[in-house]
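Structure at a glance
The lines below spell out each chain.
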Amino acid sequence: MPEITVTVNGKAVTKTVDANTLLVDFLRNDLALTGTHVGCDTSQCGACVVHMNGRSVKACTAFAAQADGQQVTTIEGLADGTELHPVQAAFKEAHGLQCGFCTPGMVMSAVDLLATNPSPTEDEIRSWLKGNICRCTGYHNIVKAIQMAANEMSQKAAAE
Amino acid sequence: MSDTGIGSAVKRREDFRFLKGIGKYTDDINQPNQTYCYFLRSPLAHATINSIDTSAAERAEGVVAVFTGEHFTEVGGIPCGWLVTGKDEKPMVEPRHPILAHGKVRHVGDPIVAVIAESLQQAKDAADKINIDYGELPAVVDMKKALEGGGTAVHDEAADNMCFDWELGDKAAVDEAFAKAHHVTKLDLVNNRLVPNAMEPRAAIGVYDMATEDYTLVTTSQNPHVIRLLMGAFVLGIPEHKLRVWAPDVGGGFGSKIYHYAEEAFVTWGAKQIGRPIKWVAERSESFLTDAHGRDHVSHVEMAFDENGKALALKTDTLANMGAYLSTFAPCIPTWLHGTLLAGQYTTPAIHCNVKAIFTNTTPVDAYRGAGRPEATYLLERIMSKAAAEMGIGQEEIRRRNFIKPDQFPYQTPVAVVYDTGDYDASMDKALELADYAGFGARKSKSAAEGKLRGVGFASYIEACGIAPSSLVGSLGARAGLYEAATVRVNPTGSVSVMTGSHSHGQGHATTFAQVVADKLGIPMDQVEIVHGDTDKVPFGMGTYGSRSLAVGGSALVNALNKIIDKGKTIAAHLMEASEGDIEFVDGTYKVKGTDKEKTFGEIALTAYVPHQYPIEQIEPGLEETAFYDPKNFTYPAGTYICEVEIDPATGQTRIDKFVAADDFGNVVNPMIVEGQVHGGLVQGIGQAMLEFAAYDENGQLQTGSFMDYTMPRADDVPSFDVTTTVTPCTHNPLGVKGCGEAGAIGAPPAVINAICDALSAYGVDHIDMPATPEKIWRAINAGEKPMAAE
């Protein structure tokens, strides 16, 4: 059984895991970070999206061992305490979530999009979100939230 | 209006925990010393179980226990909550639905063996060591063939596979109207089977406390009290005071989490057998096979018109798939939630509806967002648009000619229900304006110039929500009352705890219900806590489905609040030495009319708990009230949707260019949440119309059993929407609300298909079944006539 050291939300953790332990199970079961969800078994729904070294990955489709030596950020590590990340804040402001189950993956995916494309068009947002399924919102307000966050973040960046 | 009161778009209070990833869904909860359960399920649709050998599994590493159907012969089957009586007073056939299959399996996914182990992996590994000897039987899949018989019966009790043969309406009046009709439109259509696919898969944890003899079931439910009742009373024989059912954060339901499922009963029962908690979480493939599916009707419809396009009569013949067993509310969906809506928004004087419900070797079918009403709306709104095209009347015009007018309410339909209020021209007007319908012709020409086909589709839907008056549904076969309960507990320092029987699995009750409390009591929203989902905390409840939370649960809340306000008046009158009739309650303050004497709500609350100076001869201390609200009627939300599509005839690829929804939900408490509900419903409706289909092969294998094969709507499949509301308040509940949860899923499918048929009309295409995939559209174009425009 491999021993792995992963920096999760800024803290290094060392654990022994089964070689076939999925990253999502490692996060949920070994670290009790249950914000990362499992919504399917075919790598389709995106409820499990986390960041590895800043880029979004589906934690159901990576082994925990693949995260050895890497930086992993989960939804729990995105906000600074009770201060929400601009993408989280925009999801609340634009009512971009209902049941909340797909939300962590949606938010992590959107943060990655805005890191690479700070002002995406509606089509670009919709295309990017193909790997994240939401059954509640009809996507309308998720798209609005991401546009809102993009504006907020670029204004902030311009002011700095 | 305050910024948090009724009508304000208050941001949701529940969002923080979901956005932080600190919500608590069933799978996020673990119990000390818990075990894990894996269900070995049937790979065959129809077979006898000749033998089961579990001996190797029982010896496998980590295995705690293995159970089969043999262990459940003394335990009740899963009950059905609605008895439909068919023609000639013949009751429906109601076969036993065992917890674990015994002797026979009836659909792929039927659970046969439960393996409990120290880890999930060990349970799965052990399940691999189980040998089952099946005797495969022919599968009953197609409903028409099922009725023809041929010797294969899903249940011995129904040799012809018919669960019931039900009718509603006046057949003689319909026949008479057809005989003198100027025009008759006919249509055969399929309402495609769907998989609800809430993003959170079902899950259940059973716990038994030997010290207190208490059971706890943590489960993904829309109605924990209903589960407690069904499972406790009918399956396991556990009295209510010994059974807690807790539905924590629930990740979407759409109907699929109303019903009592075998896994819930198993983990609750099993926890006592093994003396340890048992956890089960569905994999998505299990959800596809075992969550109750939706829709699945095959219908023939005919509508008779006079020379002015006024509808004279409607007749429908429908086969409705029940699947392999009767799910909790299955029989009422194609009957009382379907036939009763066939008048739609129209004055059609004579209607007859026949529904034959059929058992097949497929997953059980029950309510899915809209439940019966989408099926009714689809066939009615499709045939209205088809009739309009045949008679050369516009889609708008034929609807307007047939609308029930505002001065005709309350309106008795020929299919049993009485609409309380509505203004159908108003929502039509608003939809037309928002859709820029006047500019459609120009847009169609522009599309044509680019080689594209453009079409527009209308749907004017009605639904019956806020279910329902208990005596009425009782007379129709419901085995439960359909009221709702609320308790308002004013704490000594003036904060308020509300215990509601409604359940939020995304609808935002923590916000909406708190707005109602803040508005009525004049206190800040942060002084209000909404508690739901736990039978140990909430006195009683019937749960959330059928767009009933605010119309029924909200009404119970208002009635409880009124009791609080009234008791407060008695206390205030005593404190201010005034007569009770002179006390008024305004903006959170009790005032003596015509004086400057007043007491705040907080002062009254404190006095109720510190009753030193108190009308103790008249009333008890404390400030807590409960109300049960039984609705006086259904509510009738209605609206008009307009969809505009553009089709590439070379590929059949179809894009929704514009989608407008004008809904009348009565009064609106939180417009932001209401819009969100409409958006979500629309995408489920568009999904049904264009993408989704639960396809079975002739052997009863579900061919679309994962997100790889079942086409869920994704962000790039759907447009943004223009949604708006008109208001005719409901006349019979205290908030004047009607319900908004299902509208989108009801109105969207016919709007989309009508638009596609309009676009394809030049090719002589007058109907296309859902889902209208590019392939189907391409085939229709290529099988059709040459386009008239091309000549």
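Residues numbered from 1 in each chain as written. Chains lettered and ligands numbered in written order. Predicted model: local features only at pLDDT ≥ 70, side-chain atom pairs only at ≥ 80, totals over all residues.

1. Description of the overall build of chain B
To keep it simple, the criterion reads: In this text, helices come from DSSP runs of H or I with a minimum length of four residues, and strands from runs of E with a minimum of two, each type numbered from the N-terminal end. This radius of gyration counts C-alpha atoms alone. The globule rule is 2.2 Å times how many residues there are, raised to the power 0.38. Put simply, a residue is buried when 20 or more other C-beta atoms lie within 10 Å of its own C-beta and exposed when 12 or fewer do; between those, it is partly exposed, and each C-beta is set from the backbone.
Looking only at helices and strands, chain B features 19 helices and 28 strands. Taking 28 Å as the expected radius of gyration for a compact globule of 791 residues, we find that chain B reaches 28 Å, a close match to that expectation. Over its C-alpha atoms, taken along the principal directions, chain B stretches across nearly 90 × 75 × 50 Å. Here chain B holds 791 residues, and the buried ones make up 60% of them.

2. Some thoughts on the overall build of chain A
We count it as follows: By definition, residue pairs are in contact when their C-beta atoms, positioned from the backbone, come within 7 Å.
Within chain A one finds five helices and five strands. From first element to last, N terminus to C terminus, chain A shows the α and β order β-β-α-β-β-β-α-α-α-α. Rg of the C-alpha trace for chain A: 16 Å, near the compact-globule value of 15 Å for 160 residues, within the 12% margin. When its C-alpha atoms are laid out on the principal axes, chain A stretches across 45 × 35 × 25 Å. Burial statistics for chain A: of 160 residues in total, 56% are counted as buried. Contacts in chain A between residues at least 24 apart in sequence constitute 62% of all its contacts with a sequence separation of at least 6.

3. Observations concerning the interface of chain A and chain B
For clarity, the threshold we go by: Basically, the charged four are Asp, Glu, Lys and Arg, the nonpolar ten are Ala, Val, Leu, Ile, Met, Phe, Trp, Tyr, Cys and Pro, and anything else, Gly included, counts as polar.
Contacts between the two partners involve 42 residues from chain A, matched on the other side by 42 residues from chain B. Elements supplying a minimum of two residues to the side of chain A that touches chain B: α2 (86-93), α3 (103-116), α4 (122-128) and α5 (140-159) of chain A. Here the element with the most residues in the side of chain A that touches chain B is α2(A); it accounts for four residues. Partitioned by chemical class, the residues of the side of chain A that touches chain B number 18 nonpolar, 17 polar and seven charged.

4. Points about the pairing of strand β15 (residues 350-359) of chain B
All names here are of chain B. To be explicit about the condition: Here, any two strands with at least 2 DSSP bridges between them count as paired.
With ten of its ten residues buried, β15 lies for the most part within the structure. Side chains of β15 alternate between two faces, with Ala350, His352, Asn354, Lys356 and Ile358 and Ile351, Cys353, Val355, Ala357 and Phe359 buried alike. Across seven bridges, strand β7 (residues 162-169) lies against β15 in antiparallel orientation. Bridging from a neighbouring strand, Met162 pairs with Ile358 of β15.

5. Regarding the packing of helix α15 (residues 549-575) of chain B against helix α16 (residues 601-609) of chain B
Residue and element names in this part refer to chain B. Formally: What counts as an axis is a line fitted to C-alpha atoms, over the stretch in contact for a helix, and the angles between N-to-C directions run from 0 to 180 degrees. Should an angle fall under 35 degrees it is called roughly parallel, over 145 degrees roughly antiparallel, and 65 to 115 degrees roughly perpendicular, with every other angle called oblique.
Axis separation between α15 and α16 bottoms out at 10 Å; the angle between their running directions is 90°. Classified by the interaxial angle, the pair formed by α15 and α16 is roughly perpendicular. Note on element contacts: α16 touches α15 through Phe601, Ile604, Thr607 and Ala608, opposite Gly568, Ile571, Ala572 and Leu575.

6. Focus on the sheet that holds strand β2 (residues 47-53) of chain B
Residues and elements named next belong to chain B. Judged by pairing direction, the sheet is antiparallel, and its three strands sit side by side in the order β4-β2-β6 without closing on themselves. In the strand order of this sheet, the two ends are held by β4 (104-105) and β6 (131-136), each with one partner. Sheet analysis places β2 next to β4, joined by two bridges and oriented antiparallel. Within β4, the residue paired with Ala47 across the bridge is Val105.

7. Regarding the packing of helix α10 (residues 395-402) of chain B against helix α11 (residues 424-434) of chain B
Residues and elements named next belong to chain B. Our working definition: Here a crossing is called left-handed whenever its near helix is offset anticlockwise from the far helix by less than a right angle, and right-handed whenever the offset is clockwise.
The interhelical angle for the contact between α10 and α11, taken along N-to-C directions, is 165°, at an axis separation of 11 Å. Between α10 and α11, the angle falls in the class roughly antiparallel. Where α10 crosses over α11, the handedness of that crossing is left-handed. Here Glu396, Arg399 and Arg400 of α10 lie close against α11, whose contacting residues are Asp425, Met428 and Leu432. Classifying every residue of the contact of α10 with α11 by side-chain character gives two nonpolar, no polar and four charged.

8. Here's the deal with unusual backbone geometry
All names here are of chain B. Here the bond from Phe409 into Pro410 is cis, since omega is -5°, no more than 30 degrees from zero. Mapped onto the elements of the fold, Pro410 is located in the loop between α10 and β16 (411-412). Here the residue pair Met770 and Pro771 is connected by a cis peptide bond, since its omega of -10° sits within 30 degrees of zero. Here Pro771 is to be found in the loop between α18 (743-759) and α19 (774-783).

9. Description of the environment of B:Gly652
Looking at the element boundaries, B:Gly652 is found in the loop between β26 (638-647) and β27 (654-664). Apart from residues lying up to four places away in sequence, B:Gly652 is in contact with B:Ile647, B:Pro774, B:Glu775, B:Ile777, B:Trp778 and B:Ile781.

10. Details of the sheet that holds strand β18 (residues 453-462) of chain B
All names here are of chain B. Taken together, the four strands give an open sheet; going across it, the order is β18-β26-β27-β28, and neighbouring strands pair in mixed fashion. Among the strands making up the open sheet, the edge pair consists of β18 and β28 (722-726). Each strand of the sheet is rotated relative to its neighbour by a mean of 15°, with strand direction disregarded. As paired elements, β27 and β28 share five bridges and run parallel to each other. Counterpart to Ala662 in the pairing with β28 is Thr724. Across the sheet, helix α12 (residues 440-449) lies against β18 and β26, angled at about 140° from β18, the strand it touches most.

11. Thoughts on helix α17 (residues 671-690) of chain B
Our working definition: Given the number of residues in a helix, its expected span is that number minus one, multiplied by 1.5 Å.
Here α17(B) is 20 residues long and its end C-alpha atoms lie 28 Å apart, about the 28 Å a rise of 1.5 Å per residue gives. Of all 20 residues in α17(B), 18 are buried; the element is thus mostly enclosed.

12. Digging into helix α7 (residues 262-274) of chain B
Residue and element names in this part refer to chain B. Here α7 spans 18 Å end to end across 13 residues, near enough to the 18 Å set by a 1.5 Å rise per residue. Of all 13 residues in α7, ten are buried; the element is thus mostly enclosed. Phi turns positive one or two residues past the end of α7, at Gly275, with a value near 70°.

13. Here's the deal with the confidence of the model for chain B
The test is simple: Summary of the metric used: pLDDT quantifies the predictor's per-residue confidence within the range 0 to 100.
Per-residue pLDDT for chain B averages 96, and the proportion of residues at 70 or more is 99%. Scored by ipTM, the complex comes to 0.98, with pTM at 0.97.

14. Some points on the environment of B:His241
Its location among the elements puts B:His241 in the loop between α6 (224-236) and β11 (243-246). Separated by 26 residues in the primary sequence, B:His241 and B:Tyr215 place their C-alpha atoms 9.4 Å from one another.

15. A word on the environment of B:His574
Residues and elements named next belong to chain B. Here His574 shows up in helix α15. Put simply, His574 and Pro615 are 41 residues apart on the chain and 6.1 Å apart in space, counted from C-alpha to C-alpha. Other than its neighbours up to four places away in sequence, His574 contacts Tyr614 and Pro615.

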